Amino acid sequence: MAKFDGKFLTGVIGPAVFKKYRNMQLVTGKSRLTKEKQTENTHKAATQFGIASTLAEQFRRDATEIITDFYDGTMVYRFRTDVQKALKQAFDAQSEAYRFTTNSFDRLNGFEFNADSPVMDNFFAQPEQTINGNILTIKLPEMHVSKDMKFPAKATSCLLNIAVGMFDLTYGNRTMCPIQSIEIPNGSKDSVMPAQELNFEIEPGCLCISMFSFQFIQKTFSGNLIINSKSFNPVAVFRAVIADGTVDQEQTKDWDDIELVRDSKFFNSPKIALKAIEQEHGKVKSGADFPQYIQAIKKLGVEEFVTYVSDSHTQYFRNNGPQLSSKAKYEPLVVAAVSHKKKFAKYLKMHQAGQTDYLSFCKHCAETGIDRWIVNLSLMTCTYYDQKDQLILTESIPGPE
């Protein structure tokens, strides 16, 4: 069903689809390709297109304050295309999930939101961006204003606005750092702006998109007037980078949601992965079940894990994925300060023979001074350490029968 806004139709009437584009009425035919007729590859392509469109829209909406409404007519399409290509490159067909690296979103670097007034034609300085821990720093060099800036005829100054959007693509959260601004006066030919640094507090593991926008100001008798318009509005992405480290869900949980990331199976969700791992762990009744457990979590991408005897919380390290940490499985045990290798080896053989359950084994570990064990799924070894980091015992894990 189509709607009429007094000038344009939007919607479907019979076999025709009515759209509004650039103040024009467009009419196209309705697609004849139903879901039943879609091939598997067509369905997958449509799904990935939808994800890219939704994610690109989320990025843009969060940056509305700095992009403003003065973007060009093709911006939405151009931006979606670059996001789509970035996601396609990061998609791992084998696991059917996105595997992001630091540079996964490099395609967005330098993206111009208004192609009619690109930043590159109005700002000639060469800023730098660095990330150290949870601080993202943008360094602006010393600028000779007359050489490094191009001002419109009536502009008396320019407000350089720098924004950083943070997107947690692990747990599905997002936020914007407060915008920082620098006023650049359109002064004499010898006017010099000293070098400056702007610092933004970020969260490790998040996609950080930094953007520059230039608002040109004309001073009038009634106050300052921003003279940017639909035809002149320099705004661009400076850098899009995933910060090193692992996302701490406690730090991002109060941000706004990214429903797409939370709901889609294609994003590398630790919550889903940890649940699957713990489901497999729940099947372990004794040491006799351990080899089957190892094979199961290996298929989930786990390459190494460390289990601490004190409460059995475990850190999992996965292929191309964030580190996962499970919660404690029982009340804390007191681990003996002095280890007893022979006594532990006896308890271990009992457990491997199915004579003790998991909690009993952990109590025996604590009694004999075992602090933790580390399982390497590539080498298929399990190594036990005491509190002094001394290696007590290394065993090979049997493969599948």
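Scroll up a little and you will see the structure.
If you're wondering where the values come from, they're calculated on a predicted model, not measured in any experiment.

(A) Structural context of the nonpolar core. F123, M149, I184, F212 and F214 are the most contacted members of the largest nonpolar core, which totals 34 residues. At the level of elements, β8 (135-140), β10 (157-168), β12 (180-185), β14 (196-201), β15 (207-220) and β17 (235-242) are the ones that each hand at least two residues to this core. With five residues, the single largest contributor to this core is β10. Beyond its immediate stretch of four places on either side in the chain, F123 contacts L140, M143, D148, M149, F212 and F214. Membership of the second largest hydrophobic core comes to 33 residues, among which are A56, F79, V237 and L260.

(B) Region of interest: the sheet that holds strand β7 (residues 128-132). Strand order in this open sheet of three strands is β7-β8-β14, and the pairing throughout is antiparallel. The sheet terminates laterally at β7 and β14, the two strands that pair on one side only. In this sheet, adjacent strand axes meet at a mean angle of 20 degrees when their direction is disregarded. Here five bridges tie β7 to β8, and the two strands are oriented antiparallel to one another. Residue pairing for β8: N132 is matched across the bridge by I135.

(C) A look at the pattern of salt bridges. Summed over the entire model, instances satisfying the criterion amount to 10 salt bridges. The closest approach of N and O atoms between D82 and R107, which form a salt bridge, is 3.4 Å. In this pair, D82 is assigned in helix α3 (residues 75-90) and R107 in the loop between β6 (97-98) and β7, connecting sequence segments 25 residues apart. Given a relative accessible area of 39%, R107 falls into the partly exposed group. One connected set of salt bridges, linked through shared partners, spans D371, R372 and D389.

(D) Representation of α3 within the structure. An ideal rise of 1.5 Å per residue puts 22 Å on 16 residues; α3 measures up with 23 Å between its terminal C-alpha atoms. Of all the residues in α3, the buried ones are M75, F79, T81, D82, V83, A86, L87 and A90. Against the buried residues of α3 lie α1 (40-62), β5 (91-92) and β6.

(E) Highlighting the environment of I217. Position of I217 among the secondary structure elements: in strand β15. Taking relative accessible area as the criterion, I217 reaches 9% and is therefore assigned buried. Linking I217 and E142, residues 75 residues apart in sequence, is a C-alpha distance of 22 Å. Excluding residues that lie within four positions of it along the chain, I217 makes contacts with K154, A155, T156, S157, L159, N224 and L225.

(F) Local environment of empty space enclosed by the protein. Taken as a whole and assessed by the stated rule, the structure comprises two cavities of 30 Å³ or more. Here the largest cavity is characterised by a volume of approximately 50 Å³. In terms of lining residues, the largest cavity is bounded by F59, R60, A63, I67, F79, F113, F167, I209, M211 and V237. Residue assignment for the lining of the largest cavity shows that the elements contributing at least two residues are α1 and β15.

(G) Quick look at the packing of aromatic side chains. For the coordinates displayed, the defined rule picks out 24 aromatic pairs. On the basis of an interplanar angle of 70 degrees and a centroid distance of 5.3 Å, the ring pair of F91 and Y98 is categorised as edge-to-face. For F91, a relative accessible area of 26% gives the class partly exposed. On the basis of relative accessible area, Y98 is assigned to the buried category, the value being 1%. Taken together through their ring pairs, the aromatic side chains of F59, F91, Y98, F100, F105, F167, F266 and F267 make up a single cluster. In this structure, R239 packs its charged tip against the face of F238, placed 4.4 Å from the ring centre.

The rules we used
- All chains use their own residue numbering, which begins from 1 and follows the written sequence.
- Selection of residues for local features in this predicted model requires a pLDDT of at least 70, selection of side-chain atom pairs for listing and counting requires 80 or more, and totals for whole chains, interfaces and linings are taken over all residues.
- Only hydrogens and water are set aside; all other atoms, that is, all heavy atoms of the structure, feed into the side-chain values.
- Only buried Ala, Val, Leu, Ile, Met, Phe, Trp, Tyr and Cys residues count toward a nonpolar core, and they belong to the same one when joined by side-chain atoms within 4.5 Å.
- The classification of residues rests on relative accessible area computed with a 1.4 Å probe and restricted to protein chains. Under 20% of the type maximum is buried, over 50% is exposed, and intermediate values are partly exposed.
- Put simply, DSSP marks the helices as runs of H or I at least four residues long and the strands as runs of E at least two long, and each gets a number from the N terminus on.
- What makes two residues a contact is simply this: any of their non-hydrogen atoms within 4.5 Å.
- Whether two strands pair comes down to DSSP finding at least two bridges between them.
- Orientation is described by axes fitted as lines to C-alpha atoms, over the contacting stretch for helices, and by angles from 0 to 180 degrees between their N-to-C directions.
- For this document, the term salt bridge refers to a Lys or Arg side-chain nitrogen within 4 Å of an Asp or Glu carboxyl oxygen.
- Here the expected length of a helix is defined as 1.5 Å per residue gap, with one fewer gap than residues.
- Two kinds of site are reported from a 1 Å grid over the protein atoms alone, namely cavities, where a 1.4 Å probe fits but cannot get out, and pockets, open sets with protein on both sides within 12 Å along at least five of seven lines, and residues are called lining when an atom falls within 4 Å of a point.
- Grid points are joined across faces, edges and corners, and a volume is the space filled by probe spheres set on the points.
- Think of it this way: a Phe, Tyr or Trp ring, Trp meaning its six-membered ring, pairs with another when their centres are within 6.5 Å, and the plane angle makes it stacked under 30 degrees, edge-to-face over 60, tilted otherwise.
- The criterion for a charge sitting over a ring is simple: Lys NZ or Arg CZ within 6 Å of the ring centre, and within 35 degrees of the ring normal.

Honestly, that's just the spatial picture; any functional story needs more than this.
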